[in-house]
Structures are given as structure tokens and as C-alpha cells.
Amino acid sequence: MLRRVRNGLAGWLVMAIAPPAGCVGHAQVELAAADAMDSVASETTRALDEYDHETRAADGERQRRVIAAFVERTKKDHANEEAMAGHETMVAAALEAIDADREAARLRRTRAGDNVAVLRETAAGLRRFGVDSMRLDDEMRRYVESLIDARKRSVAAGTPTTAPAAASDGAKGGR
């Protein structure tokens with residue numbers, strides 16, 4: 001009867017330990033997710049850099065066209081003060097529109113950069129979690145193996161099964 005109780009307790013203990021060990025056995029999933037997030041962050045950063053370069057080039061070209069148009073109008077209407085005042089107003093409005101577009105692009109880039117930072121931070125957290133899970137999985141495996149070895153030794157010696165001191169110390173949070 002005592003042997004059946006011991007065997008039942010040992011089985012219960014293994015069953016209680018096994019589910020957490022199975023849950024942490026998926027460290028590769030966390031590491032793969034972290035790698036995927038880092039990849040998305042890198043590609044997003046590359047796309048943002050390209051967008052920034054293209055936007056700057058387009059804004060520069062718009063600014064050159066505004067100035068060229070103003071010069072052409074100035075050559076044609078230089079003697080007409082009223083026309084020149086209108087040209088000045090149009091140039092100022094066009095340059096303000098370019099500046100507003102640049103500011104909007106800067107805000108979009110900043111927001112997207114914040115998203116990239118969140119992706120990288122989340123990936124780092126997942127990576128740490130994955131590594132910690134692997135460590136916990138290793139500790140659980142060593143503990144269960146020590147229980148199995150102790151049980152084998154006990155059965156071979158015909159003595160009651162007890163958890164090894166070193167294994168039980170590690171399972172109590174020796175970290």
C-alpha cells in the first residue's frame with residue numbers, strides 16, 4: 001500500500017511538473033517571433049529612409065519649380081507692382097505649402113520611427129523571455145531527471161523514494 005502511495009505521489013509530481021515544462025518548451029517560438037519583429041523593424045526603417053530621401057528630393061524639385069516660376073513672372077511683370085505683389089503672395093503660399101508638407105512628412109516619419117522602436121523593444125522582450133524559458137526548461141528537465149534517477153536508485157536499493165537535496169533546492173527558486 002505504501003509503495004502504491006509513493007508511486008502515485010511520484011506520478012502526481014511528474015504530472016504537476018510536466019505541463020509547465022511543456023509550456024516553456026516553446027522558447028523557439030518566442031525567438032522566431034523576435035527575429036521576425038526585428039526583420040519587420042529593419043525593413044520598415046529602410047522603407048522610411050527611402051521615403052525620406054524621395055520626399056526630400058521631391059520637395060527640393062517643387063521648391064526649384066516655384067522659384068523658377070517666380071523668376072519667369074518677375075521678368076515678365078517687373079514693371080507692374082500689382083502683378084508683382086500677387087506673384088510674391090503666390091510664392092510665399094507655395095513655399096508655406098512645401099514647408100507644411102515637410103512637417104507632415106516629418107511627423108509621419110517620427111510616428112513610424114516610434115512604431116519601429118516599439119517593435120524592437122517587444123522583440124528584445126520576447127528574446128529575453130525565450131532565453132529565460134529555455135533556462136527554466138533546462139532546470140525543469142534536470143529536476144525531473146534527478147527524480148527519475150532517485151526513484152531508480154530507490155527501487156534498486158529497496159528504500160523509499162525521496163527527492164534529491166540538490167534537485168529540490170534548485171526547484172525552490174535557487175536563482
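Colleague: Looking at this model, I keep getting lost on the overall build of the chain. Mind explaining?
Modeller: Of the regular secondary structure elements, the chain holds 4 helices and 0 strands. Ordered by position in the sequence, the α and β elements of the chain form the string α-α-α-α. Total accessible area on the chain is roughly 12200 Å²; 60% of this is exposed by carbon and sulfur atoms.

Colleague: Got a minute to help me understand the pattern of salt bridges in this structure?
Modeller: For side chains bearing opposite charge, pairing can occur when the charged atoms are close. Applying the stated criterion across every chain yields a total of 14 salt bridges. Each of Asp 59, Arg 62, Asp 99, Asp 101 and Arg 102 takes part in salt bridges that share partners, so that together they form one network.

Colleague: Got a minute to help me understand the packing of helix 2 (residues 27–77) against helix 3 (residues 81–157) in this structure?
Modeller: Packed helices, taken two at a time, are described by the angle between their axes plus the distance between the axes. Packing of helix 2 against helix 3 leaves a shortest axis separation of 8 Å and a crossing angle of 170°. It follows that helix 2 is roughly antiparallel to helix 3 by the angle criterion. For the contact of helix 2 with helix 3, the per-class residue count stands at 28 nonpolar, 12 polar and 16 charged.

Colleague: Looking at this structure, how should I read the environment of Asp 132?
Modeller: By secondary structure assignment, the location of Asp 132 is in helix 3. Owing to a relative accessible area of 34%, Asp 132 belongs among the partly exposed residues under this scheme. Sequence separation of Asp 132 and Ala 27 is 105 residues, and the distance between their C-alpha atoms is 8.2 Å.

Calculation criteria
Residues numbered from 1 in each chain as written. Predicted model: local features only at pLDDT ≥ 70, side-chain atom pairs only at ≥ 80, totals over all residues. Heavy atoms only, no water. Helix = DSSP H or I, 4+ residues; strand = E, 2+ residues; numbered from the N terminus. Areas by Shrake-Rupley, 256 points an atom, 1.4 Å probe, with all protein chains shown as cover. Salt bridge = Lys/Arg side-chain N within 4 Å of Asp/Glu carboxyl O. Axes fitted to C-alpha atoms, helices over the stretch in contact; angles between N-to-C directions. Parallel < 35°, antiparallel > 145°, perpendicular 65-115°, else oblique. Nonpolar A, V, L, I, M, F, W, Y, C, P; charged D, E, K, R; others polar. Buried < 20%, exposed > 50% of the residue type's maximum accessible area, 1.4 Å probe, protein only.

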